[in-house]
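Below, each chain spelled out in residue letters.
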Amino acid sequence: MSEWKRYTITAALPYANGPVHIGHLAGCYLPADIYVRYLRARRRDVVFICGSDEHGVPITITARREGVTPQQVVDKYHRIMGDAFAEFGISFSIYSRTSSQTHKETAQGFFKKLYDEGKFIEQETEQYYDEEVKQFLADRYIQGTCPVCGNENAYGDQCENCGSSLSPTDLIHPHSMLSGSKPVLKKTKNWFLPLDKLQPQIAGYLEQHKDWKINVYGQCKSWLESGDGLQPRSMTRDLDWGVPVPVPGAEGKVLYVWFDAPIGYISATKDLLPHTWETYWKDKDTRLIHFIGKDNIVFHCIIFPAMLMDHGEFILADNVPANEFLNLEGQKLSTSRNWAVWLHEYLEEFKDKQDELRYVLTSIAPETKDSEFTWKDYQTRVNSELVGIFGNLVNRVLVLTDKYFDNQVPEARECGELKTFTTDQKNKITDALENFRFREGLSELINLARHGNQLLSEKEPWKTIKDNREYTGATLYDCLQIIANLAILCEPFLPFTSKKIFDMLNLDPASLSWEDAGRQDLLKPGHKLGQAALLYQKIEEEQIEKQVEKLHSQSPQTPKGGLNTKTMENKEPSSDTAPGSALKPLSPEIVFDDFARIDLRAGTILSAEKVEKADKLLKLTVDLGFEVRTIVSGIAEHFKPEDLIGIQVSVVANLAPRKLRGIESKGMILLAEDTVGRLHFVSPKDLTENGSIIK
RNA sequence: GGCGGGGUAGCUCAGCUGGUUAGAGCGCAGCACUCAUAAUGCUGAGGUCGGGGAUUCGAGCUCCCCCCCCGCUACCA
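Residues numbered from 1 in each chain as written. Chains lettered and ligands numbered in written order. Predicted model: local features only at pLDDT ≥ 70, side-chain atom pairs only at ≥ 80, totals over all residues. Heavy atoms only, no water.

Novice: I keep staring at unusual backbone geometry and nothing clicks. Help me out?
Specialist: Trans is the prevailing form of peptide bonds, just as negative phi is the prevailing case for residues other than glycine. Notably, Asp406 is not glycine yet its phi reads approximately 55°, a positive angle. Inspection of the secondary structure puts Asp406 in the loop between helix H12 (375-405) and helix H13 (416-434). Judged by relative accessible area, which is 48%, Asp406 ranks as partly exposed. Of note in this structure, Asn506 is not a glycine but carries a positive phi near 60°. Residue position: Asn506 is located in the loop between helix H17 (495-505) and helix H18 (541-554). A relative accessible area of 44% places Asn506 in the partly exposed class. (Helix = DSSP H or I, 4+ residues; strand = E, 2+ residues; numbered from the N terminus. Buried < 20%, exposed > 50% of the residue type's maximum accessible area, 1.4 Å probe, protein only.)

Novice: How should the packing of helix H4 (residues 101-116) against helix H9 (residues 297-311) be read in this particular structure?
Specialist: Between two packed helices, the angle of one axis relative to the other and the distance separating the axes together describe the packing. Where H4 contacts H9, the axes come no closer than 10 Å and their chain directions differ by 60°. Compared by their axis directions, H4 and H9 come out oblique. Note on packing geometry: the crossing formed by H4 with H9 is left-handed. Residues Phe110, Lys113 and Leu114 of H4 form the contact with H9, whose participating residues are Met307, Leu308, Asp310 and His311. (Axes fitted to C-alpha atoms, helices over the stretch in contact; angles between N-to-C directions. Parallel < 35°, antiparallel > 145°, perpendicular 65-115°, else oblique. Left-handed = near helix turned anticlockwise from the far one by under 90°. Contact = heavy atoms within 4.5 Å.)

Novice: What is the right way to read the sheet that holds strand E4 (residues 121-130) from this model?
Specialist: To summarise the sheet geometry, strands pair through backbone hydrogen bonds and adopt either a parallel or an antiparallel arrangement. Taken in spatial order, the four strands line up as E5-E4-E9-E10 in an open sheet, and their pairing is antiparallel. Pairing within the sheet leaves two strands with one partner each, and these edge strands are strand E5 (135-136) and strand E10 (233-234). Bridge count between strand E9 (residues 184-193) and E10: two bridges; the pairing is antiparallel. The residue of E10 that forms the bridge with Phe192 is Ser234. (Pairing = 2+ DSSP bridges.)

Novice: I would appreciate a short explanation of the nonpolar core in the present structure.
Specialist: Note on soluble globular proteins: their nonpolar side chains tend to be buried together. Membership of the largest hydrophobic core comes to 171 residues, with the highest contact counts inside it found for Phe259, Phe373 and Tyr378. The dominant element in this core, judged by the number of residues it contributes, is H12, at 14 residues. Built from parts of two domains, this core gets at least three residues from each of domain 1 (7-118 + 207-224 + 256-332) and domain 3 (374-516). If sequence neighbours within four positions are ignored, Phe259 has contacts with Ala107, Phe110, Phe111, Leu114, Phe120, Met235 and Met307. Ranked by size, the runner-up nonpolar core spans 15 residues in total, among them Leu620, Ala636, Phe639 and Ile669. (Core = buried A, V, L, I, M, F, W, Y, C linked by side-chain atoms within 4.5 Å. Domains from an automatic or database assignment.)

Novice: What is the right way to look at the environment of Ser607 in this model?
Specialist: By the element assignment, Ser607 lies in strand E17 (residues 600-610). Accessibility expressed as a relative area gives 28% for Ser607, which makes it partly exposed. Distance from Ser607 to Leu618, taken between C-alpha atoms, is 9.9 Å for residues eleven residues apart in sequence. The contact partners of Ser607, leaving out residues within four places of it in the chain, are Lys619, Leu620, Thr621 and Ile645. Of note is the side chain of Ser607, whose polar atom sits 2.4 Å from the side chain of Thr621. (Polar contact = N/O pair within 3.5 Å; in protein donor to acceptor, adjacent residues only side chain to side chain.)

Novice: How should the side chain of Arg629 be read in this particular structure?
Specialist: Turning to its location among the elements, Arg629 is positioned in strand E19 (residues 628-633). The exposure class of Arg629 is buried, given its relative accessible area of 10%. There is a polar contact of 3.4 Å between the side chain of Arg629 and the side chain of Glu627. Once residues within four sequence positions are removed from consideration, Arg629 is found in contact with Leu620, Thr621, Val622, Leu624, Ala653, Lys666 and Gly667.

Novice: How should the pairing of strand E2 (residues 45-52) be read in this particular structure?
Specialist: In regular strands, side chains alternate between the two faces of the sheet. Buried residues dominate E2, accounting for seven of its eight residues. With five bridges connecting them, strand E1 (residues 6-11) and E2 associate as parallel partners. Bridge assignment links Arg6 to a residue of E2, and that residue is Asp45.

Novice: Explain the sheet that holds strand E15 (residues 331-332) to me, please; I cannot follow it from the model alone.
Specialist: An order of E15-E14-E16 is seen for the three strands of this open sheet, with the pairing classed as mixed. Here the strands that pair on one side only, and so sit at the sheet edges, are E15 and strand E16 (371-373).

Novice: How should I be thinking about the pattern of salt bridges in this particular structure?
Specialist: A side chain of one charge can pair with a side chain of the opposite charge when the charged atoms of the two come close. Applying the stated criterion across every chain yields a total of 37 salt bridges. With a closest N to O distance of 3.2 Å, Asp431 and Arg437 form a salt bridge. The exposure class of Arg437 is partly exposed, given its relative accessible area of 31%. Residues joined by salt bridges that share partners form a network here, namely Asp33, Arg37, Arg358 and Glu491. (Salt bridge = Lys/Arg side-chain N within 4 Å of Asp/Glu carboxyl O.)

What follows is the structure, given as structure tokens:
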């Protein structure tokens, strides 16, 4: 358990495209902080690394939308996130950022070494280039006419009308979605990490870590064994925001954000320890642990280790205790729908209640499965556990001691039974923390406080003081020792509380370590105690009602069937990126004749049924007046089939037929997609004769 | 559809390699106490462990089938 000489603990680099919410805290930063604080309490050598992840396409989109530079975007969120972490007591050794100079050098050096050793597969392809904005275009940023079905708004990777997989060069009349101009083909090189070749090594690595959490291990297995196994992955991108690729012929290219982000852990360590950072990353006696959310498992358990293996000098993670996701009031957290409790807002509205949130989030942390945060539960846990059991014990003992013993620790002998109990609790908490079971550890902490309350009701010092001062003193002595133990043992979970208790006991936190917990002589007889104060206030009904109201009023209504939103930001541009991040830029101008080619008709849905073996498809029959057609539409996640019957819709009637899962679809139904991803039929306002021309 | 994770008391969750009466906290009911932020302590009621089948002397825990939730992936607007 303790053969490790030092620890390098990382917490996922939060993406600097928005603030941090309770899901991030519960899933990653809190468990990491608790673990680190515990290690420090045991006087272990530990660095705790984090920072903002500031590259990638979504940040450039945010910047463009807000009319500022990407650097301004990341500066803003880097500050907001860093401040929120600091105020919550997340005790990073350093909170760095990937736009730093150190990071640039480190990431480039890393890439360069792999490059020099021929570890990459170099592939030259012809890619479209936008001469107006002077950059290569990701496939998704090119639109044009689909060669298969004639849809004029097909994307460079795929036609969303007919479903054909495309490459940008297949498109007829391609145009850039950034400027609208006609892109030109230019040769470009990209460098791929051959994960397929590294697969045996990665599998071997995984085999050595069967002790990982079941959700983590299973997820990795699934990646390795499903389909064709791992595929080569490009580690560079044609983009102007990121770390420039440091090799000849790579002008205008940056490192793939998932290549540079984990290296951010290393560069941050360099910033922290310019001379000794290497021991924390290269010495076999260093234990590397990544705290992350479940969306990051593949990057931390497969891709990053693969990069490190290939590089050769670095140690690999010994554990990756990833958590599942936290839900809020019955729904998934969603940045785009503003369904979240933001840390910087909580801090303003619940002044000095950091430990309250830390407590609640730790006790419901999604360690083995998704879990649920509700404000009602927050209130209950704070009021009954923190106020009622923990805070109350401390208060009543200190008040009694002050009243009966002039605020001095009474004379008494050590109680063997209590010592055993306290030591047991300490061991249980220690064992839980060593194994990343933070909820359990916290619950055992409360049990220790509970024991103090039991002791008081059993021995009733307020009665015994009348005729047995010595016995009363012994009782309070025991309770005071429990409180001193609580001060030590609660520090990883509730650092602000711990400090307050130490103050009240007039003890120096630095003089005691984890090893001292369990002792029954932490406070010596005659020791003068400090000023007692309440540790926590009750949470009133109105406070949580206000929060629930705020949540609902600031978030758009959830559509029927739920939304397919991502809980955390998706850093790759793709069709299913969290909806609502932006309205799409306007497509290039067309002439009237282009429009006139489209024959739109009114039609009524006669029947609707789910398509077998497809989650999103509905098979519809639509009456167009002159004929009844079958149309397959990808809207199954938004509407129930029975709700559609009888609705009049607008149909693209002259679209080339297309087979979808074996069913011939003749036409397309028009829908408007709003900024949160909901679909709305575009229909004639009043019922119209089927087949009517729409123009 | 494929893969991974999960479905245990009203609620939130524990349950190790299968073994006697399935656990905790909250909530609920009753009792005790009054030092304490009307806080605390004790006692109790509450579960066909998603459904069905199989293996076993014995299964919440193993195997097969099905249903539901989460994630990835596929199909796809």
